[in-house]
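# Structural characterization, general
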Amino acid sequence: MQQRPRFPAQLPEARNRANAAKPMAGPAPSPVASRPGAVAAVAQPQGLGLDSPALRSRMLQKLVAQGVSDPQVMAAMAAVERHRFVDTALVNQAYEDTSLPIGFGQTISKPNVVARMLELLRQAAPGRLGRVLEIGTGCGYQAAVLSHLAGEVYSIERIRGLHERARDNLRVLRLPNVHLLFGDGMVGFAKGAPYAAIIAAAGGDAIPQAWIDQLAVGGRIVAPMSAGGAKQALVVLDKTAQGIQHSVLEPVQFVPLKSGLA
Ligand code: SAH
């Protein structure tokens, strides 16, 4: 029987046990979630004259106008201050429906796209999601939103600088159910499997088999995927007792899913 990780994974005791565990094939991501009680390493953009609750409620109104209707997703989006995740120079764009640079050539997804993907995840399993795997932590924004919708969130990032940035961003929020991992998300994170849902913020040519293997029966993957040439489309994959069902939805634009670490 597969050994389950102990929760919360960020307890020092649990970390030691995880380190003592056998290495996985390929570069094993290491759980290094935010440490409770740690002092924030970076100054958060505060006191910038930003009326963040008002801006956020305007962002929510826009999401409703764009067709987002899941109240749980709305509540999660309302709870997370997106401006904390972007550069100080960009805070006044934080609640616009736009993707923004987060460094290392990567971007934080548009609020509308985050909401859409989370709605799709939740449609497969009404109620609180169990364990969720996120591929592409980036600045940690979507992981923070997910923490309000799921029991446990495992989020993997392959760029060390971004993984560290996300850790700094999330530390102050003290979200004990978010576990940040530095590793290649192409191989998923077998120690946390099976997952109720897997969400990717980077698009490849196909859904990696490891994700399908690590998805629970009844679970759903929502990911961008290449739709020929430079085009991408949102893909929903459901793993049922009868087999895999696959639907291709609207065109999207995400950064590429890359293998290896950076
Ligand atoms: N959810 C993020 C969006 C980040 S953009 C946020 O809220 O900010 C997508 C991220 O996917 C990038 O940071 C990129 O480095 C990462 N990525 C691409 N391929 C990956 C892989 N194989 N494993 C883990 N992360 C990957």
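First, a word on scope: everything that follows refers to the structure included in this document. Worth saying up front: this structure is predicted, and the values here are computed from it rather than measured. (Residues numbered from 1 in each chain as written. Predicted model: local features only at pLDDT ≥ 70, side-chain atom pairs only at ≥ 80, totals over all residues. Heavy atoms only, no water.)

If you walk through the whole model with that rule in mind, you get three cavities of 30 Å³ or more. Forming the walls of the largest cavity are 30 residues, and the residues nearest its centre are Gly 136, Thr 137, Gly 138, Glu 157 and Ala 201. Only strand S3 (106–108), strand S4 (129–135), helix H5 (141–146), strand S5 (150–157) and strand S12 (255–256) provide two or more residues apiece to the lining of the largest cavity. Looking at which element gives the most residues to the lining of the largest cavity, the answer is S3, with three residues. (1 Å grid on protein atoms, 1.4 Å probe; cavity = no way out; pocket = protein on both sides within 12 Å on 5 of 7 lines; lining within 4 Å. Points joined across faces, edges and corners; volume = space filled by probe spheres on them. Helix = DSSP H or I, 4+ residues; strand = E, 2+ residues; numbered from the N terminus.)

Moving on to the packing of aromatic side chains. Tallying each qualifying case throughout the model produces three aromatic pairs. A centroid spacing of 5.6 Å and a plane angle of 75 degrees characterise the contact between Phe 85 and Tyr 141, whose relative ring orientation is edge-to-face. Taken together, the residues Phe 85 in the loop between helix H3 (71–79) and strand S2 (100–103) and Tyr 141 in helix H5 connect sequence positions 56 residues apart. What makes Tyr 141 buried here is its relative accessible area of 1%. Measuring from centroid to centroid gives 5.5 Å for Tyr 154 and Phe 189, while their planes differ by 35 degrees, and the two rings are tilted. Here Phe 189 lies in the loop between strand S6 (178–182) and strand S7 (195–200) and Tyr 154 lies in strand S5, a separation of 35 residues in the sequence. The residues Tyr 154 and Phe 189 share a single accessibility class, namely buried. One aromatic cluster is present, formed by Tyr 154, Phe 189 and Tyr 195 through successive ring pairs. Arg 82 extends its terminal NZ or CZ atom over the ring of Tyr 141, reaching a point 5.6 Å from the ring centre. (Phe/Tyr/Trp six-rings, centres within 6.5 Å; stacked < 30°, edge-to-face > 60°. Buried < 20%, exposed > 50% of the residue type's maximum accessible area, 1.4 Å probe, protein only. Lys NZ or Arg CZ within 6 Å of the ring centre and 35° of its normal.)

Attention shifts here to the nonpolar core. By size, the foremost hydrophobic cluster in this structure holds 50 residues, and its most contacted members are Met 77, Phe 85, Ile 108, Leu 118, Leu 121, Val 132 and Tyr 141. For this core, the element with the highest residue contribution is helix H4 (residues 111–124), accounting for six residues. Setting aside residues no more than four positions away along its own chain, Ile 108 makes contact with Arg 82, Phe 85, Val 86, Ser 99, Leu 100, Ile 102, Cys 139 and Tyr 141. Residues Ile 135, Phe 189, Leu 215 and Leu 257 belong to the second largest nonpolar core, which totals 23 residues. (Core = buried A, V, L, I, M, F, W, Y, C linked by side-chain atoms within 4.5 Å. Contact = heavy atoms within 4.5 Å.)

The interhelical angle for the contact between helix H2 (residues 52–65) and H3, taken along N-to-C directions, is 155 degrees, at an axis separation of 9 Å. Viewed along their axes, H2 and H3 adopt a mutual orientation that is roughly antiparallel. Handedness of the H2/H3 crossing: right-handed. Residues Arg 56, Met 59, Leu 60, Leu 63 and Val 64 of H2 touch H3, and the partners they reach there are Met 74, Met 77 and Ala 78. Looking at the contact of H2 with H3 residue by residue, the class counts come to seven nonpolar, no polar and one charged. (Axes fitted to C-alpha atoms, helices over the stretch in contact; angles between N-to-C directions. Parallel < 35°, antiparallel > 145°, perpendicular 65-115°, else oblique. Left-handed = near helix turned anticlockwise from the far one by under 90°. Nonpolar A, V, L, I, M, F, W, Y, C, P; charged D, E, K, R; others polar.)

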